Amino acid sequence: MLRAITSFFGFIFSWLVIGSLMALAGIIAIFVIYGRDLPDHAQLARYEPATLSRIYSGEGQLMDEFARERRIFTPVDEIPDRIKQAFISAEDKNFYEHHGFDPRGIAAAIYGAARGERLRGASTITQQVMKNFLLTGDRSGERKVKEIILATRLESTLTKDQILELYLNEIFLGQNSYGVTAAAQSYFGKSLEELSLAEIAYLAALPQAPSALHPVREKSRAVARRNYVLDQMRENGYITAEEATAAEAEDLKTVQSGDIPSARSQMPPRGYFTDEIRRELSASLGDEALFTGGLTIRASVNPEYQETAAKALREGLEKYDRGTKVYRGPVATIDPAKLDAADEAGWRRALRGTRVPRDIEGWHPAVVLAIGESSARIGIEDVPEDEDGHYLSFSDASWARIKTENGRYRNATGPDDMWDVGDVVFVKAVEKDGAFDHWSYRQIPAIQGGFVAMDTQTGRVLAMQGGFSYQSSVFNRATQALRQPGSSFKPFVYAAALDKGYSPATIVVDAPIEVATAAGIWRPQNSSEKYYGPAPIRVGLEQSRNLMTVRIAQDVGMDTVAEYAERFGVYDNMPHLLSYSLGAGETTLYKMVAAYAMFANGGLRVEPTLVDRVQDRYGKTIYRHDKRDCVDCQADFLAAAPAPSVQSHAERIMDAITAYQITSMLQGAVSRGTSRVAVGSLGLNLAGKTGTTNDAKDVWYVGYSPRIAAGCYMGYDSPTPLGRTAFGGTLCAPVFAEFIKVALAGQGPVKFPVPPGGYFIKIDRSTGQRLADNATGPNVQSEYIKDGQQTVVGGYGQTVDGGWRMGADVPLYEGVSRAAVERVQVRGGQTKVLPSNPSLGSMSSGGLY
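Residues numbered from 1 in each chain as written. Predicted model: local features only at pLDDT ≥ 70, side-chain atom pairs only at ≥ 80, totals over all residues. Heavy atoms only, no water.

Peer 1: Help me out: how do you make sense of the state of the cysteines in this one?
Peer 2: Linking two cysteines covalently through their sulfur atoms gives a disulfide. For the coordinates displayed, the defined rule picks out 1 disulfide. Here Cys-712 pairs with Cys-732 through a disulfide, and the sulfurs are 2.4 Å apart. Taking the sign of the S-S torsion, -60 degrees for the link of Cys-712 and Cys-732, the bridge is left-handed. Here the residue Cys-712 occupies a position in strand β26 (residues 708-715), and Cys-732 occupies one in helix α23 (residues 728-743), the gap between them amounting to 20 residues. (Disulfide = S-S within 2.5 Å. Helix = DSSP H or I, 4+ residues; strand = E, 2+ residues; numbered from the N terminus.)

Peer 1: Is there a simple way to think about the pairing of strand β15 (residues 461-465) in this case?
Peer 2: Each regular strand displays side chains that alternate between the two surfaces of the sheet. Across the 5 residues that make up β15, a large majority, 5, are buried. Bridge count for strand β14 (residues 448-455) against β15 is 4 bridges, and the pairing is antiparallel. Paired with Met-454 across the strands is Val-461, a residue of β15. Hairpin connection from β14 to β15: 5 residues lie between these consecutive antiparallel strands, with Gly-459 at a positive phi of about 80 degrees. (Buried < 20%, exposed > 50% of the residue type's maximum accessible area, 1.4 Å probe, protein only. Pairing = 2+ DSSP bridges.)

Peer 1: So what exactly am I meant to see when it comes to the side chain of Asp-64 here?
Peer 2: Considering the arrangement of structural elements, one finds Asp-64 in strand β2 (residues 62-66). Within the local environment of Asp-64, its side chain forms a polar contact with the side chain of Arg-270, the two groups lying 2.7 Å apart. Among the polar contacts made by the side chain of Asp-64, one reaches the side chain of Thr-274 at a distance of 2.8 Å. (Polar contact = N/O pair within 3.5 Å; in protein donor to acceptor, adjacent residues only side chain to side chain.)

Peer 1: What should I look at first to understand the sheet that holds strand β1 (residues 53-56) in this one?
Peer 2: The strands that make up a sheet are held in pairs by hydrogen bonds between backbone atoms, and each pair lies either parallel or antiparallel. Pairing within the open sheet is mixed, and its 5 strands lie in the order β2-β1-β5-β20-β21. Because the sheet does not close on itself, it has two edges, and the strands there are β2 and β21 (621-624). With strand direction ignored, the average angle separating the axes of adjacent strands in the sheet is 15 degrees. Here 3 bridges tie β1 to strand β5 (residues 296-299), and the two strands are oriented parallel to one another. When the bridges of β5 are listed, Tyr-56 appears paired with Arg-298. (Axes fitted to C-alpha atoms, helices over the stretch in contact; angles between N-to-C directions.)

Peer 1: I keep staring at the packing of helix α17 (residues 490-499) against helix α19 (residues 546-556) and nothing clicks. Help me out?
Peer 2: Angle between the axes and distance between the axes: these two values describe a pair of packed helices. For the pair α17 and α19, the least separation of the axes is 10 Å and the interaxial angle reads 45 degrees. Considering their axes alone, α17 and α19 lie oblique with respect to each other. With respect to the hand of their crossing, α17 and α19 are arranged in left-handed fashion. Every residue of α19 that contacts α17 at Lys-490, Val-493, Tyr-494 and Ala-497 is listed here: Asn-546, Met-548, Thr-549, Ile-552, Ala-553 and Val-556. Here the residues of the contact of α17 with α19 sort into 7 nonpolar, 2 polar and 1 charged. (Parallel < 35°, antiparallel > 145°, perpendicular 65-115°, else oblique. Left-handed = near helix turned anticlockwise from the far one by under 90°. Contact = heavy atoms within 4.5 Å. Nonpolar A, V, L, I, M, F, W, Y, C, P; charged D, E, K, R; others polar.)

Peer 1: Is there a simple way to explain the sheet that holds strand β29 (residues 780-786) in this structure?
Peer 2: Reading across from one edge, β28-β27-β29 is the order of the 3 strands in this open sheet, with antiparallel pairing throughout. In this open sheet, the two strands that pair with only one neighbour each are β28 (770-771) and β29. Direction of pairing for strand β27 (residues 758-764) relative to β29: antiparallel, over a ladder of 7 bridges. By the bridge assignment for β29, Gly-758 is matched with Lys-786. Where helix α22 (residues 656-672) meets the sheet, it contacts β27 and β29, and its direction lies at approximately 165 degrees from that of β29.

Peer 1: Help me understand the packing of α17 against α22, please; the structure alone is not making it clear to me.
Peer 2: Where α17 meets α22, the axes come as close as 10 Å, and the angle between the chain directions of the two elements is 135 degrees. Taken together, the axes of α17 and α22 are oblique relative to one another. Crossing hand, α17 versus α22: right-handed. Residues Pro-491, Tyr-494, Ala-495, Leu-498 and Asp-499 of α17 lie in contact with α22, whose contacting residues are Thr-658, Gln-661, Ile-662, Met-665 and Leu-666. Looking at the contact of α17 with α22 residue by residue, the classes come out as 7 nonpolar, 2 polar and 1 charged.

Peer 1: Explain the pattern of salt bridges here, please?
Peer 2: Two side chains carrying opposite charge are able to pair once their charged atoms lie near each other. Counted according to the given criterion, the structure contains 34 salt bridges. Arg-54 serves as the salt-bridge partner of Glu-65, at 2.8 Å between the closest nitrogen and oxygen. Note that Glu-65 is positioned in strand β2 and Arg-54 in strand β1, a separation of 11 residues in sequence. Residue Glu-738 pairs with Lys-741 through a salt bridge whose shortest N-O separation is 3.0 Å. Here Lys-741 and Glu-738 lie together in helix α23, a separation of 3 residues that amounts to about one turn. Accessibility expressed as a relative area gives 39% for Lys-741, which makes it partly exposed. One network of salt bridges, in which partners are shared, links Asp-275, Glu-276, Arg-278 and Arg-279. (Salt bridge = Lys/Arg side-chain N within 4 Å of Asp/Glu carboxyl O.)

Peer 1: So what exactly am I meant to see when it comes to helix α7 (residues 180-188) here?
Peer 2: Two residues of an α-helix separated by three or four positions point the same way, owing to the 3.6 residues in each turn. Extensive coverage of α7 is indicated by the burial of 9 of its 9 residues. Taken together, the buried positions of α7 are occupied by Val-180, Thr-181, Ala-182, Ala-183, Ala-184, Gln-185, Ser-186, Tyr-187 and Phe-188. Among the residues trailing α7, Gly-189 stands out with phi positive, at a value near 60 degrees.

None of this, on its own, says anything about what the molecule does.
Pasting the structure below:
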């Protein structure tokens, strides 16, 4: 009997051994089979996570961020220990003990499932790293086997801290945040070091299911999971019971609940400047590098100048728009049924949900809650309610006319005629004697514009505003809008002439011109529709004389003018059409300001940039704009070093004396020309030129000091006449003036350096007659002439007709005698009559003023 029993148990044991061996062999076979052709785990040692790129101002202020996945890589030794402990407690308490997978955790999960509990994943942190980096997220036995195999291999390749570093920087934690650093900012607006214990525990709770633990929609579940993590930290000895209890008692306050300002709200709103950087770097470095490369980008912007430029342009656009007296309606509407003046939380929630611009300084979205006889009660976003509420007086908005069904405009009769309950409008606080006085109605103008300010020596863009509001329209009128520059193009015609032998004292006749074109006879006119006879070309540029400019262009040749325009970067391939001498072609404000900067710096090429430097995630500089050399800047001791000097390698694109002569004439345009009221009155001795196209569809002003060039453009996005009173000198010049007053605050009149190679003479500004060196008087003009120029045809005192005969019946402006014309004809020699040029093309458009 004993023998039979022994034999039976021996048989059972044998089969158990055989079965175990077979099971072991099967497991080994499975691991061998699934262990083939697995991803290379060793690549994780070289892994560079997709990290957001950041833009900073020159003062180090964070301006913007770009990323596909919001991740800020943080080395493991810079992550606080308590954060590591929280995630280990929540996800893998045996992390520092196992070798990739946790048999005890797996056994506990199986035991729990056998007892009817929900089957837990039992994946270690190492396994999660493998799943996130090298495998898919599907829930299958095959993936689990591969996960375990790769986890064991990774443990032999990387240290525990290296694995934890990958995990804490890669794990998705909701709100488009990858990694703990980005999540800390997204949920709490804090750095890792600033997080409280309760906040750390909430982040550690999220890997399980970020969307199911939303801090607002699923707050009770989120708090329960957070408290579970705190209990695990206490059990594992990372925190005391008192710390756990105190943390569990804390309310869950996050950015999403509105209790904490977001990290994004601490940055300025995205604007035209940083969006243009995005466009440029995407083109030069590629989207992948910009959105995943963790770049540090140093912008060239001057924050004070940028704020001033935006404010000045907005005020200029709004002033014009108010002059049109057109009411453009609400920017949004809210269902009146959802509004109750007594339900402040309700209307604030509804107002916050509207998609309206919120980047206009001083403007607040407001919703009309009720309408009275003379005012409307409004609820204002981010402004606390008064005891009696806030009101918008109809008298403040009565300037605006309402468009009728037949397209005509009429005056509004009262607040109920202009607004309805639920209308969303903009309001601005108006002060009187330093105290709040009333709320004023505001509307986004239909007219748009742009502004650019640039360092003339380096091309660094100091300020850029591409429209009234970026959130209203992202189209950048400074860099993307192609518009006719009008008379602001004329300096390039005069520069070509000066390099061809003209001087500022060269006489050019202002008289009628007719050009035969395929479209008929083109008869350009001056803005005054008058003719002024012979005058120095200085007067032609100062007073923006169209006929003198066309004569000069014809004389030097449109091929030469085009070559200059292309050399300065105004156009890429300019047609050789006479109308282009008056600014009939299309270009951008950005290009025009860069071109004027080359006048300001004495004729050196300027490469405009919005970016000073770009560094990769390791701090290595991969782009630097400033290529100048600093000589004697490398001495070991300051006392032993001579005074350093900066050497530029910029290409010279025009004669330095020509640049000075153009600047001198443009200074005259400021003091005596079309911008004398807005800019000349500042007394800063600046140079600049207005531009107004046919029918005033586009108005410009570009001006400069020796160090700063700036320009303004205004016009409707769909070219439309701005009206009879619209000129570059009345719309854009004041914007430039407001900016330059801040940029040159505390400085007196500027001085432009005089280049060598010339000498000064004095002439009569009206006739060009040379005067004695000691001559004085209001009509005496000092001109800088190139050495030897007095013997050159077309030099000072010479007359240029431009190829057209000056008729005997030229109608002249009062004060200009016909005898003066005849005398100039004799002095100038014979005039040459050229045949009509069939290549002149259409002359239907061009600059006027």
